[in-house]
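# Coordinate analysis (summary)
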Amino acid sequence: MITFYPGPSKVYSSVEGYLNDAFRSGILSANHRSPQAMTLVEKTIDLLKEKLRIPPQYSVYFVSSATEAWEIVGQSLVGKGSVHIYNGAFGQKWAEYTQKLVPSTSRFKFGIDEAFDFEQLSDSEADVVCITQNETSNGTQIKTLSQLKTDALVVVDVTSSLGGIHLDFTEGDVWFASVQKCLGLPAGMGLMICSPKALERAKQLNDQRFYNSFLFIHENFQKFQTHYTPNVLGIYLLCRVMEQVPDIQSIDQKIKTRARDFYEFLEKCNLKPLVQNQTQRSDTVIAVKIPEEQLGNLKQKANSQGITLGNGYGFWKNNTFRIANFPAIDDWEFDELKDFLVNLYQDYSDFQNLQD
Ligand SMILES: *Cc1c(COP(=O)(O)O)cnc(C)c1O
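Residues numbered from 1 in each chain as written. Predicted model: local features only at pLDDT ≥ 70, side-chain atom pairs only at ≥ 80, totals over all residues. Heavy atoms only, no water.

A few words now on the site of the ligand. Around the ligand lies a shell formed by Ser 65, Ala 66, Thr 67, Trp 70, Phe 90, Asn 134, Thr 136, Asp 157, Thr 159, Ser 178, Gln 180 and Lys 181. Residue Ala 66 places a main-chain N or O atom 3.3 Å away from an oxygen atom belonging to the ligand. When the ligand is considered free in solution it has 390 Å² of accessible area, and contact with the protein chains removes 86% of it. More than half of the atoms of the ligand fall within 2 Å of the grid points belonging to the second largest pocket. (Near = heavy atom within 4 Å. Polar contact = N/O pair within 3.5 Å; in protein donor to acceptor, adjacent residues only side chain to side chain. Areas by Shrake-Rupley, 256 points an atom, 1.4 Å probe, with all protein chains shown as cover. 1 Å grid on protein atoms, 1.4 Å probe; cavity = no way out; pocket = protein on both sides within 12 Å on 5 of 7 lines; lining within 4 Å. Sits in = over half its atoms within 2 Å of the grid points.)

As a further point, take the packing of aromatic side chains. The tally for this structure, following the rule as stated, stands at 16 aromatic pairs. Ring centres 5.9 Å apart and planes at 65° place the aromatic pair Phe 108 and Phe 116 in the edge-to-face group. Taking the relative accessible area as the measure of exposure, Phe 108 reaches 22% and is therefore partly exposed. Looking at Phe 116, the relative accessible area reads 9%, which means it is buried. Where Phe 116 meets Phe 118, the ring centres are 5.3 Å apart and the plane angle is 80°; that geometry is what we call edge-to-face. The two residues Phe 116 and Phe 118 agree in class, both being buried. Members of the aromatic cluster, joined through ring pairs, are Phe 4, Phe 262, Phe 265 and Phe 334. Positioned over the ring face of Tyr 97 is Lys 100, at 5.4 Å from the centre of the ring. (Phe/Tyr/Trp six-rings, centres within 6.5 Å; stacked < 30°, edge-to-face > 60°. Buried < 20%, exposed > 50% of the residue type's maximum accessible area, 1.4 Å probe, protein only. Lys NZ or Arg CZ within 6 Å of the ring centre and 35° of its normal.)

Position of Ile 251 among the secondary structure elements: in helix H8 (residues 248–268). Considering only alpha carbons, one finds Ile 251 and Gly 164, 87 residues apart in sequence, at a separation of 6.3 Å. Residues contacting Ile 251, with those up to four places away along its chain left out, are Gly 163, Gly 164, Val 245, Pro 246 and Pro 327. (Helix = DSSP H or I, 4+ residues; strand = E, 2+ residues; numbered from the N terminus. Contact = heavy atoms within 4.5 Å.)

Turning our attention to the nonpolar core. Judged by nonpolar contacts, the single largest core of 83 residues is most densely connected at Phe 62, Leu 162 and Met 192. Of the residues forming this core, the biggest block, eight residues, is contributed by helix H7 (residues 232–244). Among all residues touching Met 192, those that are not within four sequence positions of it are Ser 59, Val 60, Tyr 61, Val 63, Ala 69, Ile 72, Val 73, Val 174, Trp 175, Phe 176 and Phe 214. Counting 31 residues, the second-largest nonpolar core is a separate cluster that includes Phe 265, Val 288, Ala 302 and Ala 324. (Core = buried A, V, L, I, M, F, W, Y, C linked by side-chain atoms within 4.5 Å.)

Okay, the layout of surface pockets next. Taken as a whole, the largest pocket encloses approximately 360 Å³ of empty space. In terms of lining residues, the largest pocket is bounded by 18 residues, among which Leu 121, Ser 122, Lys 149, Thr 150 and Asp 151 are the most central. Looking at the lining of the largest pocket residue by residue, the classes come out as six nonpolar, five polar and seven charged. Put simply, the second largest pocket is a space of about 300 Å³. As for the second largest pocket, its lining consists of 21 residues, of which Phe 90, Thr 159, Ser 178, Gln 180 and Lys 181 are closest to the centre. Ranked by residues supplied to the lining of the second largest pocket, first place goes to helix H3 (residues 66–76) with three residues. Residues of the lining of the second largest pocket, tallied by class, amount to eight nonpolar, ten polar and three charged. (Points joined across faces, edges and corners; volume = space filled by probe spheres on them. Nonpolar A, V, L, I, M, F, W, Y, C, P; charged D, E, K, R; others polar.)

Scanning the entire structure with this criterion turns up 13 salt bridges. For Glu 267, the salt bridge goes to Arg 281, with nearest N and O atoms at 3.3 Å. Separated by 14 residues along the polypeptide, Glu 267 in helix H8 and Arg 281 in the loop between strand S11 (272–273) and strand S12 (285–289) bring together distant segments of the chain. Take Glu 267: its relative accessible area is 42%, and that puts it in the partly exposed class. Linked through salt bridges whose partners overlap, the residues forming this network are Asp 21, Arg 24, Lys 43, Arg 240 and Glu 243. (Salt bridge = Lys/Arg side-chain N within 4 Å of Asp/Glu carboxyl O.)

So, on to helix H9 (residues 292–304). For H9, the complete set of buried residues consists of Leu 295, Leu 298 and Ala 302. Relative to the axis of H9, the buried residues are bounded by an arc of 75° and lie together on one face. The exposed set on the far side of H9, more than 90 degrees from its buried face, consists of Glu 293, Gln 300 and Ser 304. Positioned one or two residues after H9, Gly 306 has a phi angle of 80°, which is positive. (Arc of directions from axis to C-beta.)

Backbone-to-backbone hydrogen bonds pair the strands of a sheet. The strands run either parallel or antiparallel. Taken together, seven strands build an open sheet; the order of strands is S2-S10-S9-S8-S5-S3-S4 and the sheet is mixed. Sheet topology places strand S2 (59–63) and strand S4 (105–109) at the edges, where each strand pairs with a single neighbour. Neighbour to neighbour, the strand axes of the sheet diverge by 20° on average, direction disregarded. Bridge analysis of strand S3 (residues 82–86) against S4 gives five bridges, and the strand direction is parallel. Each bridged residue has a counterpart across the sheet, and for Ser 82 the counterpart in S4 is Thr 105. (Pairing = 2+ DSSP bridges. Axes fitted to C-alpha atoms, helices over the stretch in contact; angles between N-to-C directions.)

Structure follows, in structure tokens:
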């Protein structure tokens, strides 16, 4: 079965061997404060920094999920208030979860075909700005934060783009993701990448209320330990995958080229990307619009050919399907998807210009 589901998504096929290696290495039974475990944590962080080009002064922490990162930010990094900028379901959920923790939470919604105008934030009192860089629910992305001029802490959800595109980490203070999307791993772990300014903020606020209070996490990671018994298997697999993958620059090129090709292919097939404005389209999650009455048939036919399409999500549940363009997915799998769509839409016979 080929899957284009954008999370959980296809894991690298090499993970099968890594699972066996993990078992045989003995790491799964090792104490998480043992030298063996600490060495693994340190090595994994070093590899992440090298392969993803994370600035040396930034810190990397392992947590359980992106959802947990939303909560850690709300608990430990928001002082006066947070402002949430979003156009889809994940950004909205983040704002809702934060609202439960932080009374002063404000929101800026924008349309899926619009570029957000960061000028709108100029009167904001908030000391944390929350941005969903790649909105998995609708296939949009904010390509750069260079227009954002603020003294607030900038926190960026890159759950469905980290590991797929080259991010300029200097544009933000906290970047987080879980591993089951662009990183091509089984679910059960999240990452936070934090600037010195984020640590400063945590120290000022000195939140010590929770097991996952930021400073407590930080203190543990100073020793390459974790604030609870971690997902050692997940860390091991992440380490092996980071050893295997090329530099993010070359992954970035491959993913962006494949995205451009696939968007062009869709237009040739008269299939409409949900997002009309090319500058707002995501490279890693592609949402395709389809009449509601055709959707069930399409998914079923795909399934019978061994292809799983991603369902629509939230507001777009019934009139889109989504295609993950993640690095673990091979080019031949995209070729099969294209063959399937071409044949299907030839069957519908009301589409032209299919010769490719
Ligand atoms: C998947 C996703 C999340 C949630 O990830 P979990 O691993 O379920 O916590 C958050 N934000 C975005 C943008 C996502 O795509």
